Amino acid sequence: MGTADERPRVSLRDRAGYRFDRTLARSTGTLMGWLVITCLAIVVPVSTLLVWTDPGSPRSLSGRLTAAWRTSAETLRLGAASGTPLRLVLSALLGLVALLCVSTLVGVITTGLAERLAELSRGRSTVLEQGHVLVLGWSDQVTTVVGELVAAQAPRRPRAIVVLADRDKAEMEQVLTARVGPAVRTRIICRSGPASDPDVLALVSPRAASTVLVLPSTEPTADAEVLRVLLALRAVLGEGADGPPVLAAVRDDRYRAPARLAAGPRGTVLETDLVTARLIAQCVGRPGLSLVLRDLLDFAGDEFHLADATAFQDGPFGATLLGHPNSCVVGLLTPDGRTLLNPPADTVVGPGSRLVVLARDDDSTRVGDCGHLVDDSVIVAAPSERDGPTRLLLLGWNRRAPLVVRQLRRTACPGSFVDVLTDSVVPGPREPENRTPERGDPEHGKPERGTPETGTPAGPEVRFRSAALSRPETLLGLDLGPYDGLVVLGPDGGAGPDHPDDWTLVTLLALRLLEERTGREVRVVTELIDDRNRPLAPVNTASDVIVSGMLTGLLMAQIAQNRHLAPLFDELFSAEGSDVCLRPAGTYVRPGAEATFATVVAAARDRGECAIGYRRHDGRTGRADRGVRLNPSKDERHVWSAEDHVVVVARDRDLPTAAPSEPADAADETGTAVEADAATTAAVRPGHGQPAD
């Protein structure tokens with residue numbers, strides 16, 4: 001056993017390396033000294049060896065030493081003069097001065113280039129572009145927005161896309177390149193810095209931009225940051241109305257009105273949580289609607305465009321539906337800027353109006369009469385049946401859940417009910433102060449009643465319970481028999497150490513196992529945060545998966561390309577007006593009959609609807625499109641089965657009549673400006689209930 005005085009033996013190599021490192025750390029002069037010694041220790045012996053082994057070298061010792069000096073001097077660029085010692089010293093001095101000057105010049109140039117490259121890598125240089133799309137902020141939607149903008153610009157002259165966010169420039173470029181790909185014609189320029197700083201914002205030339213998009217981050221203060229960015233943009237652009245159109249997104253409706261004021265007259269503000277809630281509510285009872293909406297919003301296939309209406313001027317709107325062989329008409333843009341979605345068939349197309357069409361590109365629409373393709377003998381004249389009450393189970397809770405419940409209350413038929421099962425605290429009902437209760441009993445768990453004066457239903461019954469949803473045995477013990485459909489909402493991002501989609505995927509696995517045990521498929525509408533998890537979701541073909549951030553990004557990209565379409569999307573995603581529906585094909589044509597799509601368009605027109613596609617249910621249904629076919633040619637023939645569905649833009653016939661207490665709220669329902677109903681939102685706001693008995 002060693003004593004305390006024994007020290008570990010250090011090798012000679014380690015000791016020499018340690019002393020060499022200490023010497024280098026002293027000063028730059030020491031480093032230069034070691035460099036000179038190392039060079040001389042290698043060059044001089046090797047030069048001497050070359051001279052002594054050369055048969056043609058001088059015979060005398062002085063001659064060989066002179067030759068060795070010349071070889072060493074030429075190698076070190078110190079001059080090759082010979083003669084007296086004074087000449088040798090002066091020659092070496094000139095060589096050292098020349099070497100010092102060249103080295104200094106190289107060092108200055110290298111340092112300048114390094115500093116410039118470092119500045120460029122920090123993303124603080126000025127952008128001198130014209131007509132570029134400016135994206136301010138970084139969020140889950142940024143890759144979707146940039147990718148769709150690139151796809152939209154592919155057929156025409158590409159414009160630069162400039163992204164300004166308070167993130168590392170190299171990191172942003174890496175993420176966007178992975179999403180968009182390097183082989184694109186569109187230039188993607190990233191700049192780093194806070195977009196709420198007017199000095200930094202001026203570097204990306206916002207006044208010269210064609211469109212400015214402001215994205216909310218995932219931080220709790222995201223909406224306040226969006227407001228600051230809009231104010232900074234206002235400071236850079238000035239108070240005039242001649243700046244570029246601005247499209248911003250907020251999550252909380254309390255920031256919507258201030259954001260619209262800060263965005264100015266050419267600004268549009270989307271409330272992302274409300275858009276997601278509307279999409280979830282619309283997909284309940286409409287299997288496959290999420291696939292249709294995804295196809296409508298992305299630029300990979302057909303999307304909404306504006307087309308010339310001169311050929312139909314002073315004629316009825318219904319004539320335009322069969323007047324385009326390769327596109328589907330869904331509305332009108334009036335000369336005063338109003339967008340009419342699915343107007344009555346007898347609406348007159350006035351001078352200066354434009355048609356809203358679903359087409360491949362904005363210049364691919366052509367006019368042609370398709371009336372000869374209609375087969376009246378297969379059109380069904382009987383009216384479609386109204387859906388009955390629905391029974392829904394909502395699993396989970398997040399900040400969008402109150403809006404989802406509110407949208408379900410507005411769209412459900414009388415007699416419907418919604419059971420809400422949360423993980424901890426039940427968000428029990430709470431009536432606002434100084435307001436007469438008009439939507440139900442304030443006691444927890446009791447059904448809601450209609451107004452006693454009119455008997456009009458105030459909405460479906462909403463019941464709240466709590467259970468340990470994080471435990472698999474709780475999910476496997478659910479009784480899904482009484483329910484027609486399920487809605488699964490994951491926790492908010494940052495609410496725990498795990499990714500929000502982790503709990504959602506586990507819940508979907510448990511529901512899938514319950515379906516296998518009972519042999520009964522249940523329609524599930526689920527929300528995911530990351531689009532990469534969508535293929536992993538274990539759901540049946542009758543279920544819908546909504547990736548909230550991706551759909552919001554698609555919507556922003558569509559409006560950024562054509563801001564005149566903002567009112568159209570407002571109505572499509574609102575609880576009132578016309579929206580996208582999937583209805584059985586037997587409602588329009590006889591099941592088993594072969595007919596053109598023009599026949600379906602004519603049948604839908606007679607019902608006050610605009611047919612834009614269909615979803616088939618046969619062996620040819622692919623996994624990618626799930627049978628969805630949008631904007632087919634009018635002469636396309638199909639054998640329509642009872643399982644097929646027609647995609648139409650129509651007013652939902654299943655919507656209940658609003659209670660008398662809600663007219664003002666219904667009138668204000670838009671996608672860009674939404675005031676949440678105080679009573680309903682307060683009734684389902686977390687933190688105002690108690691655990692279930």
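Structural data are supplied above this passage.
Remember, it's a predicted structure, so these values are computed and weren't measured experimentally. (Residues numbered from 1 in each chain as written. Predicted model: local features only at pLDDT ≥ 70, side-chain atom pairs only at ≥ 80, totals over all residues. Heavy atoms only, no water.)

Turning to empty space enclosed by the protein, a few remarks are in order. Evaluation of the coordinates by the stated rule reveals six cavities of 30 Å³ or more. Quantified by volume, the second largest cavity comes out at close to 100 Å³. Taken together, 16 residues form the lining of the second largest cavity, with Val 284, Gly 285, Gly 485, Arg 523 and Val 525 sitting closest to its centre. For the lining of the second largest cavity, the secondary structure elements donating two or more residues are β14 (485-488) and β15 (523-528). Its residues assigned to classes, the lining of the second largest cavity comprises nine nonpolar, three polar and four charged. (1 Å grid on protein atoms, 1.4 Å probe; cavity = no way out; pocket = protein on both sides within 12 Å on 5 of 7 lines; lining within 4 Å. Points joined across faces, edges and corners; volume = space filled by probe spheres on them. Helix = DSSP H or I, 4+ residues; strand = E, 2+ residues; numbered from the N terminus. Nonpolar A, V, L, I, M, F, W, Y, C, P; charged D, E, K, R; others polar.)

On to the sheet that holds strand β19 (residues 610-615), then. Pairing is antiparallel across the open sheet formed by four strands, whose spatial order is β17-β22-β19-β20. Edge positions in the sheet fall to β17 (578-584) and β20 (628-630), since each of these pairs with one other strand and no more. The mean inter-strand angle of the sheet, taken between neighbouring strand axes irrespective of direction, is 30°. Pairing analysis gives three bridges linking β19 to β20, with the strands arranged antiparallel. Bridge assignment links Tyr 614 to a residue of β20, and that residue is Arg 629. (Pairing = 2+ DSSP bridges. Axes fitted to C-alpha atoms, helices over the stretch in contact; angles between N-to-C directions.)

All right, on to the packing of helix α10 (residues 272-283) against helix α16 (residues 548-561) then. Closest axis-to-axis distance for the α10/α16 pair is 10 Å, and the angle between their directions is 110°. By the angle between their axes, α10 is roughly perpendicular relative to α16. Contacts between α10 and α16 pair Thr 272, Val 275, Thr 276 and Leu 279 from the former with Ser 548, Leu 551, Thr 552 and Leu 555 from the latter. Residues that form the contact of α10 with α16 fall into these classes: four nonpolar, four polar and no charged. (Parallel < 35°, antiparallel > 145°, perpendicular 65-115°, else oblique. Contact = heavy atoms within 4.5 Å.)

Here we take up helix α13 (residues 401-411). Buried residues dominate α13, accounting for 10 of its 11 residues. Taken together, the buried positions of α13 are occupied by Ala 401, Pro 402, Leu 403, Val 404, Val 405, Arg 406, Gln 407, Leu 408, Arg 409 and Arg 410. (Buried < 20%, exposed > 50% of the residue type's maximum accessible area, 1.4 Å probe, protein only.)

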